[in-house]
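What follows is the residue order along each chain.
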Amino acid sequence: MKLASIMKDGKDLAEHCIDFGQKLGADYVEARYVNDTTRSLAFRNGMLVSGGFTPSLGIGVRVLVDGSMGFCSFDRLEKNLAEGAITTATKMARNAKRKEPIDLGESVTNVAKWKMETKQSLQDVDIETIKDLCTEANQQMAGLASFVFMFNANVIDKYLVTSEGTKIDSQLSYLLMYAILTAQAPGGSEQRFLDLTLAGGWERIKESNFIENVKNEVERLRKSAESAVKIDELMTQPIDMVVGPEVAGIIAHENVGHPSEGDRIMGREGAQAGESFWRDLKIGKSRVGSDAVNVSEDPTIVETAGHYVYDDEGVKSRKRELIKNGILHEPLLNREFGTKFGMGSNAAARATAFNREPIIRMANTYFEPGDYSFEELVEDVKLGVFMRSFQEWNIDDRRYQSKYTGSEAYLIKNGEITDTMVKRPIMETTSVGMLSAVDAVSKDLRFDFPGTCGKGDPMQGTPVYAGGGDIRFREIRLGGVG
Amino acid sequence: MTSTENLKTLGDYAINYGSKRTDAIIARVVQTENSQIRFSQSNIDISKRWEALKLELFIVMGEKTGTTDRPITSVEDVKKAVDDTVSFTEILPDSMFYAGLEDATHSYRELKGEYDDKIDSFAEIAPEVINSVIDEAVREGAKRVAGALMITKQNFFFKSSLGPEGSSKGTTYDLNVRALQEELDYSGQGLDCGTIPSQSEKSMLEAGAKAGQLSKQAIGAVQGTPGTYDLILSPTVAANVLGSIPESANPFYIMMGMSPLQDRMGEQIAPEFVTASEDPLFTGGLRSTPFDWEGTPSRTTNIVEKGVLKSLIHNTTTARMFDAESTGSSRMGDVGVGMKMLLPGASNIVFDNGNHSLEELMDVTKPTIYVTCNWYSRFQNYQTGEFSTIPRDAMFLVEKGEMKPIKNMRISDNTMRMFANIDALGNDRTQVYWWEVQTPTVISTMRIRDCKMTAATQ
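Residues numbered from 1 in each chain as written. Chains lettered and ligands numbered in written order. Predicted model: local features only at pLDDT ≥ 70, side-chain atom pairs only at ≥ 80, totals over all residues.

1. With respect to the confidence of the model for chain B
Condition: On a range of 0 to 100, pLDDT expresses the predictor's confidence in each residue.
Model confidence for chain B is summarised by a mean pLDDT of 96, while 100% of its residues fall at 70 or above. Listed scores for the predicted complex are pTM 0.96 and ipTM 0.95.

Set out below in structure tokens:
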């Protein structure tokens, strides 16, 4: 068998890709060498159904040629293969004949090394320890009608090099954990799909009270299935809603984070994830919510799934304030769209694997905490609902019409959260209608919504966090209950 | 591309070496060369090319099973993959999801129409084709055009230590065109997919034209009124919403609490004119294959026959667990992040064609809504089928013989109830595959009675 000569060192080959791309006449070349390993276990009703050790390794290259972008990737570190793929990508880019050339703006020349800080590296954790954790997690779910628990220890090493001089070494470390829970009660079943992702080393299991959190989630779901009821009174009039940080997080992510993405605003996701209602608004001027609405995006927060120091174009990360006092403030931008907006990149470019192009993504999206305690939010609500968590949700592709259906929800009466659980209250509103109804946010910022955000084509599932303080909405008309 | 002979060398080595360390081992060596062109605002945004050669392994050690999926270049890499997988599997608990593998040797039929000899030259001219698709959409009334064309080429060799062995190659393409007006609200979609892209330029242009026409027809759409309506679902929407029912006739989904078909075997779940199958032999099917992952020959399995739930799909393990026969539906599926599992899985979901023209479906006596595209389907409960999904692109209220564009509504209903309420089938059966439909589904336009449509309250 003849196999091409192999270059063992991915970094050397990535640097060769830069030289080769430039020789072909590319104006900009960027190569990302990614070495990604995952150890995984999956359980159903406490019993193992699958386990795997999956390494993924390869290089992704972007070339800018005559104003058109080409991308290629290959999973064998072979020089000939790399050169062939770059040649094809360059040819395809040239044939694209873009009417409006892509401009990446000012050169970026960062040289750095960074990693997610860990006290106990995931690579040093033996499988027995992982099995023990999974057993303990599964024990918390015992008694449910069915439960699935998936565990993945994921470590990603990256090396980014560009023709402009950027060279970034980085390491990401995630405990990607998911549960599918079904609680059965005489009145029917309730389900919950939980993302339990942690970022960092093994120490995050204890620091985050992981097992206790799972136990509480299971108990709450069981309670919802057994005791939540339809309350007709909630449908006959506008009511106040208080939502916890999990629901605040999904709202921050879907109704604010996604429409703030510069590529959507300018139409690049038009046929896939969609466009954005921000397109027809003015940044710095347009009001989309009440004064109490402040939503930010911040990749610099450590121990979060959205944490990074440099993005996948080599730009240093910083906090972005998407909405300030109800007014649009700043979109999420990469280099291409930073140039189009005339604002420069704010380091929002992320790629989920070597074989995916970097595109504009969220990191950690949240409602900035306000001045209220949770008790203060509730105390002057005469009739309302406290929606602590949600299950079914969706939003249109301009990110304007959203629906959130409650999973764990309680009736609020005369300033107190009652023991009466409300079955599936539905907030079905527009983004502006909902954000305009916010009148207060609590001071307790929590990232209760870890998630995997989907965007791009082919799909890229990116780990993100979302959260906020608790939020109070006034005069909401529910879309349904029960 | 590496020859099948080279893939066989790597696969043979995996089996020869792995057989000594395991009770059973299946290896699949897969080479792919894929390309994609993405475009928006009537410009090509990026042209992509992927090269991959990987080894997929499934091993059995007593009651334990293990999998891997990783890039390889040489027999040394294959040896390391086997060693790593054995080492990892040895320390796992026994698997509750293993009851055997295909152990008979078969000869496999050759599928016609699954490989395009001219795919490489087509990939080179694809940017020009896309620019023509954009022009076509604009000619029909679009102001802006977005989309993506994916072209795939795959060659693989597979071998099981229990006897089965085979190889196959295939090509596919899928095109998604979205035509938009200057306004955000008025858009239309056109889709096209198949296995022979070099002979499909005409249908790609038609997809562009259709998107442009729908986008123009959507101009002036007004807010729809919530209520209960009969719905006419285009093949694109029907594939996502109703194709999910036969797709969930999967014992693994049932065991995971992700299927509404538990305990429904033998029941009438749709009208008599509805028949749907899992068909890996469908000519031109994007996932057509002569044999499954274990080497069981492919066959067509009627899941819903004349409206009655007749069969689940099985691999060897689930067949033994459910006291049934394998339907030749063993696939290496994704579970979670970076984890593979040998599971039953649908190749192509194929519905029988109907006999009504679109005009006949639209000949209605009460207000009916025609939905041409949808996205973001989410379930409150997979076991009961309660869900919602958002119509996007052109949507019309059909009333008194007229079609008026409407917008901003949501289907909030139950998939099992909708499946039971299918009222009529179109004669326009087509293969659907895109972002929202990840299992190729061959389906026609459907009319469904009494569906709940909701809208924002504020």
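2. Topic: the nonpolar core
Residues and elements named next belong to chain A. Filter applied, for reference: In this usage, the nonpolar core is the set of buried Ala, Val, Leu, Ile, Met, Phe, Trp, Tyr and Cys residues whose C-beta atoms join them within 7 Å. Buried means a residue has 20 or more other C-beta atoms within 10 Å of its own C-beta, exposed means 12 or fewer, and partly exposed covers the counts in between; C-beta atoms are placed from the backbone. Helix numbering and strand numbering both begin at the N terminus, where a helix is a DSSP run of H or I of at least 4 residues and a strand a DSSP run of E of at least 2. We call two residues in contact whenever the C-beta atoms placed from their backbones are within 7 Å.
In this structure, Cys17, Ile59, Val61, Phe149 and Val385 are the most contacted members of the largest nonpolar core, which totals 274 residues. For this core, the element with the highest residue contribution is strand S6 (residues 167–185), accounting for eleven residues. Those residues in contact with valine 61, other than ones at most four positions away along the chain, are Cys17, Gly21, Val29, Glu30, Ala31, Phe71, Cys72, Ile86 and Ala89.

3. Here's the deal with the sheet that holds strand S24 (residues 460–468) of chain A
Residue and element names in this part refer to chain A. To be explicit about the condition: By the convention used here, strands pair only if DSSP detects at least 2 bridges between them. Helix axes are fitted only over the stretch in contact, all axes being lines through C-alpha atoms; the angle between N-to-C directions runs from 0 to 180 degrees.
Across the sheet, which stays open at both edges, the six strands sit in the order S12-S11-S10-S15-S24-S23 with mixed pairing between neighbours. The sheet terminates laterally at strand S12 (327–328) and strand S23 (446–455), the two strands that pair on one side only. Pairing between S23 and S24: eight bridges, direction antiparallel. What sits directly across from glycine 454, in S24, is glycine 461. Packing of helix H6 (residues 245–257) onto the sheet brings it into contact with strand S10 (295–297), strand S11 (320–324), strand S15 (364–367), S23 and S24, and relative to S24 it is tilted by some 125 degrees.

4. Some remarks on the packing of helix H2 (residues 79–96) of chain A against helix H3 (residues 119–139) of chain B
The test is simple: Working rule for angles: under 35 degrees goes down as roughly parallel, over 145 as roughly antiparallel, 65 to 115 as roughly perpendicular, anything else as oblique. Crossing handedness is defined as follows: a turn of the near helix away from the far one that is anticlockwise and smaller than a right angle gives a left-handed crossing, while the clockwise case is right-handed. All amino acids are sorted into three groups, where Ala, Val, Leu, Ile, Met, Phe, Trp, Tyr, Cys and Pro are nonpolar, Asp, Glu, Lys and Arg are charged, and the leftover types, Gly among them, are polar.
Between H2(A) and H3(B), the shortest axis-to-axis distance is 9 Å and the interhelical angle comes to 25 degrees. Relative to H3(B), the element H2(A) is oriented roughly parallel. Both H2(A) and H3(B) take part in a crossing whose hand is right-handed. Facing H2(A), whose interface residues are Lys91(A), Met92(A), Asn95(A) and Ala96(A), H3(B) presents Glu124(B), Pro127(B) and Glu128(B). Class assignment for the residues of the contact of H2(A) with H3(B) results in three nonpolar, one polar and three charged.

5. Describing the domain arrangement of chain A
Residues and elements named next belong to chain A. Selection rule: Each domain span listed reflects an automatic or database assignment of domains.
Each assigned domain of chain A is listed with its residue range as follows: domain 1 (10–227) and domain 2 (232–476). Between the C-alpha centres of domain 1 and domain 2 there is a distance of 22 Å. Between domain 1 and domain 2, the residue contacts involve 39 residues of the former and 31 residues of the latter. When residues of the side of domain 1 that touches domain 2 are traced back to their parent elements, those giving at least two are strand S1 (28–44), strand S2 (47–65), strand S3 (68–74), strand S4 (111–115), strand S5 (146–162), S6, strand S7 (188–195) and helix H5 (210–227). Looking at side-chain class alone, the side of domain 1 that touches domain 2 contains 14 nonpolar, 14 polar and eleven charged residues.

6. Brief notes about the domain arrangement of chain B
All names here are of chain B. Splitting chain B by domain gives domain 1 (4–217) and domain 2 (222–290 + 302–311 + 346–454). Put simply, the middle of domain 1 and the middle of domain 2, counted by C-alpha atoms, are 25 Å apart. On the domain 2 side, the residues contacting the 23 residues of domain 1 number 18 residues. Sorting the residues of the side of domain 1 that touches domain 2 by element identifies strand S5 (165–180), strand S6 (187–194) and helix H4 (201–217) as the ones contributing at least two each. Per-element accounting of the side of domain 1 that touches domain 2 gives the leading share, six residues, to S6. Split by residue class, the side of domain 1 that touches domain 2 holds five nonpolar, twelve polar and six charged.

7. A few points about the pairing of strand S12 (residues 330–334) of chain B
Two faces make up the sheet, and in a regular strand the side chains alternate between them. All names here are of chain B. Summarising the sheet, S12 and strand S13 (residues 340–344) pair through five bridges and their orientation is antiparallel. The partner of aspartate 334 across the bridge, within S13, is lysine 340. Adjacent in sequence and paired antiparallel, S12 and S13 are bridged by five residues, among which glycine 336 carries a positive phi angle near 65 degrees.

8. A short note on the interface of chain B and chain A
On the side of chain A, 84 residues touch chain B, which itself brings 78 residues to the contact. Examining the composition of the side of chain B that touches chain A, we find that twelve residues originate from one element, strand S2 (residues 43–61) of chain B, more than from any other. In this sheet, S2(B) lies alongside S3(A) in parallel orientation, the contact comprising six bridges. When the sheet's bridge partners are listed, Cys72(A) is paired in S2(B) with Arg49(B).

9. As for the pairing of strand S17 (residues 386–391) of chain B
Residue and element names in this part refer to chain B. Here S17 lies mainly inside the structure; six of its six residues are buried. Where burial is concerned, the two faces of S17 agree: the one with Glu386, Ser388 and Ile390 and the one with Phe387, Thr389 and Pro391 are both buried. As defined by bridge partners, strand S16 (residues 374–381) adjoins S17 across five bridges and the pair is classed as antiparallel. Counterpart to tryptophan 375 in the pairing with S17 is isoleucine 390. Following S16, the chain reverses through four residues before pairing antiparallel with S17; glycine 385 in that reversal takes a positive phi of roughly 90 degrees. Looking at chain direction, S17 and strand S20 (residues 410–414) are connected through four bridges and run antiparallel. Bridging across to S20, serine 388 finds its partner in serine 412.

10. Quick notes on helix H2 (residues 75–90) of chain B
At 3.6 residues per turn, the α-helix brings residues three or four places apart onto the same side. Rules: Given the number of residues in a helix, its expected span is that number minus one, multiplied by 1.5 Å. The directions considered for the arc run from the helix axis to the C-beta atoms.
An ideal rise of 1.5 Å per residue puts 22 Å on 16 residues; H2(B) measures up with 22 Å between its terminal C-alpha atoms. The set of residues buried in H2(B) consists of Val78(B), Ala81(B), Val82(B), Thr85(B), Phe88(B) and Thr89(B). Taken end-on, H2(B) shows its buried residues confined to a sector of 140 degrees, consistent with a single buried face. Among the structural elements, S2 of chain A together with helix H1 (4–19), S2 and strand S3 (64–71) of chain B are those in contact with the buried residues of H2(B).

11. Examining the environment of Arg447(B)
As for its placement among the helices and strands, Arg447(B) is situated in strand S24 (residues 446–454). Considering only alpha carbons, one finds Arg447(B) and Ala424(B), 23 residues apart in sequence, at a separation of 5.2 Å.

12. Comments concerning unusual backbone geometry
In this structure, Pro458(A) follows Asp457(A) across a cis peptide bond, with omega equal to 5 degrees. Relative to the helices and strands, Pro458(A) is located in the loop between S23 and S24. Backbone geometry places Ala347(A), a non-glycine residue, at a positive phi of 65 degrees. The exposure class of Ala347(A) is buried, given the 27 C-beta atoms found within 10 Å. Although it is not a glycine, Asn408(B) sits at a positive phi angle of roughly 60 degrees. With respect to the helices and strands, the residue Asn408(B) is situated in the loop between strand S19 (402–407) and S20.

13. Topic: the sheet that holds strand S11 (residues 308–309) of chain B
All names here are of chain B. The sheet built from six strands is open, its strands ordered S11-S10-S9-S14-S23-S22 with mixed pairing. The sheet is open, and its two borders are formed by S11 and strand S22 (430–434), each paired with just one other strand. As paired strands, strand S9 (residues 276–278) and strand S14 (residues 349–351) are joined by three bridges and run antiparallel to one another. Within S14, the residue paired with glutamate 278 across the bridge is isoleucine 349.

14. Quick notes on the environment of Val65(A)
Residue and element names in this part refer to chain A. When you line up the elements, valine 65 lands in strand S2. A residue is classified by how many C-beta atoms lie within 10 Å of it, and valine 65, with 25 of them, is buried. Spatially, the C-alpha atoms of valine 65 and isoleucine 251 are 39 Å apart, while their sequence positions differ by 186 residues. Apart from the residues lying within four places of it in its own chain, the contact partners of valine 65 are Gly25, Ala26, Asp27, Gly70, Thr90, Ala93 and Arg94.

15. Topic: the packing of H1(B) against H2(B)
All names here are of chain B. Where H1 contacts H2, the two axes come as close as 9 Å, and the packing angle between them is 40 degrees. Taken as axis vectors, H1 and H2 run oblique relative to one another. The handedness of the crossing between H1 and H2 is right-handed. Contacts between H1 and H2 involve Leu10, Tyr13, Ala14, Tyr17 and Gly18 from the first element and Val75, Val78, Lys79 and Val82 from the second. Looking at the contact of H1 with H2, its residues break down into seven nonpolar, one polar and one charged.

16. Section: H4(B)
All names here are of chain B. Here H4 is 17 residues long and its end C-alpha atoms lie 24 Å apart, about the 24 Å a rise of 1.5 Å per residue gives. All of the buried residues along H4 are Met204, Leu205, Ala207, Gly208, Ala209, Lys210, Ala211, Gly212, Leu214 and Ser215. Those residues of H4 that are buried lie in contact with H3, S5 and S6.

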